[in-house]
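Listed below are the residues making up each chain.
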Amino acid sequence: MTFNLNPLINHGVRKGQAGFQGSTLKCLCPHDKVEVQVKGNVAHNHACGCTKCWKPEGALFSIVGVVPRDNDAVTAHADKLHVVDEKATIRRHACRECGAYMFGRIETHDHPFYGLDFIHVGLSDDQGWEEPRFAAFVSSVIEGGLAAPDDMGAIRKQLQALGLPTYDCLNPPLMDAIATWQARKKGTLKTEG
Ligand SMILES: N[C@@H](CCC(=O)N[C@@H](CSCO)C(=O)NCC(=O)O)C(=O)O
Ligand SMILES: [Zn+2]
Ligand SMILES: [Zn+2]
């Protein structure tokens, strides 16, 4: 059985283009689209199975990455945006009409990822974006009611065959960055040697 992971990766992972300068994200409304202009490329792009990230209809995973918060701006129909869950760390701004999540912002200064916005490059027509490089929160597709526990082996295999290592949290570089931030805050950061 082949799973609908996400339309962006179902038929292979397309590599990004070096020097890609960013593009415009557009919501899925047939007209009066919400538009978000993004300067520069996305970073840490990944497939996310978590219950909070936006997934296209029928897909098991979101494709989500980050940009510095000053690099994205709503340029059309901002009035259609609302925050999906005010209590979530990532305040995801979605189009009220079509449901697409246009950007997610961390407003808590005291957070390891403060300063970054979460975006979905699948909402852009352009193809130069950094490719997804890993799959995070894979087990969450069970929590979200999207997959049966018995399907997880096959789902992980399909992701790995695409070259995406699978994790049930973020990938090691991001987990290390979070732990480093925590250690610095607690005063326990150990330096080399
Ligand atoms: N089991 C939970 C975990 C969700 C989770 O922690 N998601 C991460 C990554 S989202 C992008 O990769 C997170 O930082 N969430 C904070 C937030 O969503 O506000 C689940 O699946 O819901
Ligand atoms: Zn819309
Ligand atoms: Zn997520």
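The rules we used
- Residues numbered from 1 in each chain as written.
- Chains lettered and ligands numbered in written order.
- Predicted model: local features only at pLDDT ≥ 70, side-chain atom pairs only at ≥ 80, totals over all residues.
- Heavy atoms only, no water.
- Helix = DSSP H or I, 4+ residues; strand = E, 2+ residues; numbered from the N terminus.
- Rg over C-alpha atoms; globule rule 2.2 N^0.38 Å.
- Buried < 20%, exposed > 50% of the residue type's maximum accessible area, 1.4 Å probe, protein only.
- Contact = heavy atoms within 4.5 Å.
- Areas by Shrake-Rupley, 256 points an atom, 1.4 Å probe, with all protein chains shown as cover.
- Lys, Arg positive; Asp, Glu negative; His and termini not counted.
- Charge placed at Lys NZ, Arg CZ, Asp CG, Glu CD.
- Donors = N, O, S within 2.8 Å, 3.2 Å for Na, K, Ca; no water.
- Tetrahedral: all angles 85-135°; square planar, octahedral: opposite > 155°, others 65-115°.
- Pairing = 2+ DSSP bridges.
- UniProt positions renumbered as here; feature names shortened; annotations may be inferred.

Quick word on the overall build of the chain
Scanning the chain from terminus to terminus reveals three helices and 10 strands. The order of α-helices and β-strands along the chain, N terminus first, is β-β-β-β-β-β-β-β-β-β-α-α-α. Its C-alpha atoms give the chain a radius of gyration of 17 Å, near enough to 16 Å, the size a compact globule of 193 residues would have. Across its three principal directions, the C-alpha atoms of the chain cover 60 × 40 × 35 Å. Taking all 193 residues of the chain together, the buried fraction comes to 43%. Sequence-distant contacts, at least 24 apart, represent 64% of the contacts inside the chain between residues at least 6 apart. Of the roughly 10300 Å² of accessible surface on the chain, 51% is carried by carbon and sulfur atoms. For the chain, the distance from the average position of its 21 positive side-chain charges to the average position of its 22 negative side-chain charges is 4 Å.

Some details on the coordination of the zinc ion (ligand 3)
Each angle at a metal carrying four tetrahedral donors should ideally be 109.5 degrees, and each at a metal carrying six octahedral donors should ideally be 90 or 180 degrees. Coordination sphere of the zinc ion (ligand 3), protein contribution only: Cys48 (SG), Cys50 (SG) and Cys53 (SG), at 2.3 Å. With four donor atoms in place around the zinc ion (ligand 3) and angles of 94 to 125° between them, the coordination shape is tetrahedral. Each donor residue of the zinc ion (ligand 3) lies on one chain, and together they are spaced C-x1-C-x2-C. For the pair shown, cysteine 50 and cysteine 53 are each scored as buried.

Notes on the sheet that holds strand 8 (residues 101-106)
Read from one edge of the open sheet, seven strands run 6-7-8-9-4-3-10, paired in mixed fashion. The open sheet terminates on both sides in strands that have one partner only, identified here as strand 6 (81-83) and strand 10 (135-136). Inspection of the sheet shows strand 3 (residues 43-48) paired to strand 4 (residues 62-68) by four bridges, in the antiparallel sense. Looking at the pairing, alanine 47 lines up with isoleucine 63 of strand 4.

Re the UniProt feature "binding site: Zn(2+) 2" (unreviewed entry) in the chain
Here, the residues flagged by UniProt with the feature "binding site: Zn(2+) 2" (unreviewed entry) are Cys48, Cys50 and Cys53. Relative to the helices and strands, cysteine 48 resides in strand 3. Taking the relative accessible area as the measure of exposure, cysteine 48 reaches 3% and is therefore buried. Ignoring any residue separated from it by four or fewer positions in sequence, one finds cysteine 48 in contact with Cys53, Lys55, Phe61, Ser62, Val64, Ala136 and Phe137. For cysteine 50, a relative accessible area of 12% puts it in the buried group. Dropping the residues within four chain positions of it, cysteine 50 is found in contact with Lys55, Arg92, Phe137 and Ser140.

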